[in-house]
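# A closer look at the structure
So the chains spell out like this:
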Amino acid sequence: MLLGCIGDDFTGSSDLANTLAKQGMRSTLYGGVPSGDAAPDVEAGVIALKSRTNPPGEAVAQSLLALEWLRRQGCKQFFFKYCSTFDSTPQGNIGPVADALIDALGADQVIVCPAFPRTGRSVYQGHLFVADKLLSESGMEAHPLTPMTDPDLRRWLAPQTVYDVGHVAAHTVFQGSEAIRAALAAAPQKLLVVDAIRDEDLMAIGAAAADLPLITGGSGVAMGLPANFRSRGLIGETTSNWIGESGRVAILSGSCSNATRAQVARHAEAHPTREISADAVIEGEVTAEIVASWFQAQDGLPLAYTSADPAEVAAVQSRHGRDRAAAAIEGLFAETAQLLVAAGVTRLITAGGETSGAVVEGLGVEAMQIGPEIDPGVPAMRVDTMKAEGGPLTIALKSGNFGGPDFFEKAAGILA
């Protein structure tokens, strides 16, 4: 294994594995830290953690365990993947995890770049944009777990880290990899927010990072990393041997992002949908058995969702507490997924990072092959190994903000 990656949620990790596979690296996505060694042909290993909203100490401990396993596989470079909307709070977890990895690897200058222009995320003058809006005006300011109220990544990261935060501006990035490399080497700060508004910027940043032990960012900045290994003769070209499954489909959505809510509304026009109230779950009125039975009674592409208006989510959290409300929904979806897969569902689609993480952990998924891209940042995947009962399974894990209006229908077709 050459490139070792640690993702703070499952959807983002699948996005990263997809990016690396598209650039020709043999990539495997792992659900948590594996118990055994990687297969000998894996060139990029991506460990998906569910650590984004954990207490910082837990997130750091999980990430260091992942780093230890990746180092044992012989990795020459490491990547810490977080969301392209930089989801975090003033306490973490991006800063604390980055600090721990910096200390463990003895890294000097470390790139911070969540940009992913193909999905509308760009960094300019240190500020994060979602399409034509600043992050703080994109809807992410109302996120129920990580409300993003400041688009200046330098200001947002500073309280989370013990290190100084610097900046490599767009006018330097536009000059190419050599200029970026020189700016990184000359910077007095340890963590450096790097501007990027185009795919070619990401490729240039990746080339400039060829000799860095640690890079942090969204999946976009990883686009340029495989070429570094290829130029050194360490990897060749790979092709996908995708095999889908044509059986029953189930779709679980726990995201309250604007994009997912629109996708759910679009899907409901032609397919069975069921809204799940967090209050009903917490009070025991809705159980996994009830939801799984509903799925089994439906034809087509049934979808169960809790994608509520952010104000409604806030009201539920006020009544029950944020952690209890989140745990109830995640637990419901995890148990529902177990029941559905045991009953013969062979195509499973999830929306939302926390939901996807809960489902993958509930199924005990250990490794997934990366297949074709469904929409930018979202690959189709085939489960290699899982602990839950059930037969073959293809799966798609969608970040809340990703995908086109007809994502769910499109994903079901590509998973087949």
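Scroll up a little and you will see the structure.
All residue numbers refer to positions counted from 1 along the written sequence of the respective chain. Since the coordinates come from a predicted model, pLDDT governs what is reported: local features require at least 70, and pairs of side-chain atoms require 80 or more to be given and counted, while whole-chain, interface and lining totals use all residues. Note that water and hydrogens are dropped before the side-chain values are worked out from all heavy atoms of the structure.

## Comments concerning the pairing of strand 10 (residues 191-194)
Burial here depends on accessible area, computed with a 1.4 Å probe over protein chains only, as a share of the maximum for the residue type. Under 20% is buried, over 50% is exposed, and the range in between is partly exposed. Strands here mean DSSP runs of E at least two residues long; helices mean DSSP runs of H or I at least four residues long; both are numbered from the N terminus. Across the two faces of strand 10 the burial is the same, with Leu 191 and Val 193 and Leu 192 and Val 194 all buried. Paired strands are those between which DSSP finds at least two bridges. Note: strand 5 (residues 110-113) against strand 10, 3 bridges, orientation parallel. Within the sheet, the bridge partner assigned to Val 110 lies in strand 10 and is Leu 191. Judged from the 4 bridges that link them, strand 9 (residues 165-168) and strand 10 form a sheet pairing that is parallel. Residue Val 168 lies in a different strand from strand 10, and its bridge partner there is Val 194.

## Focus: the side chain of Asp 9
As for its placement among the helices and strands, Asp 9 is situated in the loop between strand 1 (3-7) and helix 1 (10-22). Judged by its relative accessible area of 2%, Asp 9 falls in the buried class. Setting aside its immediate chain neighbours within four residues, Asp 9 contacts Ala 48, Leu 49, Arg 52 and Gly 353. By definition in these notes, contact holds between two residues if any of their heavy atoms fall within 4.5 Å.

## Some remarks on the nonpolar core
What is meant by a nonpolar core is a set of buried Ala, Val, Leu, Ile, Met, Phe, Trp, Tyr and Cys residues, joined one to another through side-chain atoms within 4.5 Å. By size, the foremost hydrophobic cluster in this structure holds 117 residues, and its most contacted members are Leu 20, Phe 86, Ile 111, Ile 205, Leu 348 and Leu 363. For this core, the leading source of residues is helix 13 (residues 322-342), giving 8 residues. Membership of the second largest hydrophobic core comes to 19 residues, among which are Leu 303, Tyr 305, Ile 374 and Ala 380.

## Structural notes on helix 15 (residues 407-415)
Within helix 15 the residues assigned to the buried category are Phe 407, Phe 408, Ala 411, Ala 412 and Leu 415. Considered in projection along helix 15, the buried side chains sweep an arc of 130° and stay on one side of the axis. As used here, the arc is the angular range of directions from the helix axis to the C-beta atoms.

## Regarding the environment of Gly 352
Along the chain, the position of Gly 352 falls in the loop between strand 15 (345-351) and helix 14 (353-363). Judged by its relative accessible area of 6%, Gly 352 falls in the buried class. The spacing of Gly 352 and Val 194 is 158 residues in sequence and 27 Å in space, taken between C-alpha atoms.

## Considerations on the packing of helix 9 (residues 258-268) against helix 15
Note on method: axes are straight lines fitted to C-alpha atoms, helices fitted across the in-contact stretch only, with angles between N-to-C directions ranging 0 to 180 degrees. Where helix 9 meets helix 15, the closest approach of the two axes is 8 Å, and the angle between their N-to-C directions is 75°. Judged by the inter-axis angle, helix 9 sits roughly perpendicular to helix 15. The segment helix 9 lies against helix 15, with Gln 263, Val 264 and His 267 engaging Phe 407, Phe 408 and Glu 409. Classifying every residue of the contact of helix 9 with helix 15 by side-chain character gives 3 nonpolar, 2 polar and 1 charged. An angle below 35 degrees is treated as roughly parallel, one above 145 as roughly antiparallel, one from 65 to 115 as roughly perpendicular, and anything else as oblique. Polar here means any residue outside two lists: the nonpolar Ala, Val, Leu, Ile, Met, Phe, Trp, Tyr, Cys and Pro, and the charged Asp, Glu, Lys and Arg; Gly therefore counts as polar.

## Comments concerning the packing of aromatic side chains
Centre distance within 6.5 Å is the pairing criterion for rings of Phe, Tyr and Trp, where only the six-membered ring of Trp is used; planes under 30 degrees apart are then read as stacked, over 60 as edge-to-face, and the remainder as tilted. With the rule as written, the count across this model stands at 6 aromatic pairs. Relative to Phe 86, the ring of Tyr 82 has its centre 5.2 Å away and its plane inclined at 85°; by these criteria the two rings are edge-to-face. Relative accessible area serves as the criterion here: at 0%, Tyr 82 is assigned to the buried category. By relative accessible area, Phe 86 is classed as buried at 0%. Plain terms: the ring middles of Phe 116 and Phe 402 are 6.2 Å apart, the flat faces sit at 75° to each other, and that makes the pair edge-to-face.

## Details of the sheet that holds strand 7 (residues 127-130)
Strand order in the open sheet formed by 3 strands is 6-7-8, and the pairing between neighbours is antiparallel. Lying at the two open borders of the sheet, with one neighbouring strand each, are strand 6 (121-124) and strand 8 (133-134). Pairing analysis gives 2 bridges linking strand 7 to strand 8, with the strands arranged antiparallel. Note that in strand 8 the partner of Val 130 across the bridge is Lys 133.

## Some details on a nonpolar patch on the surface
Patch membership requires more than 30% relative accessible area and the absence of a salt bridge. Residues of like charge join within 9 Å; the nonpolar side chains Val, Leu, Ile, Met, Phe, Trp and Tyr join within 5 Å. Computed with a 1.4 Å probe, the accessible areas rest on the Shrake-Rupley method; for each residue, only the protein chains presented here act as cover. We define a salt bridge as a side-chain nitrogen of Lys or Arg found within 4 Å of a carboxyl oxygen belonging to Asp or Glu. Taken together, the side chains of Tyr 124, Phe 174 and Ile 197 define a hydrophobic patch exposed on the protein surface, amounting to about 270 Å² of accessible area. Summarising the element assignment, Tyr 124 is placed in strand 6.

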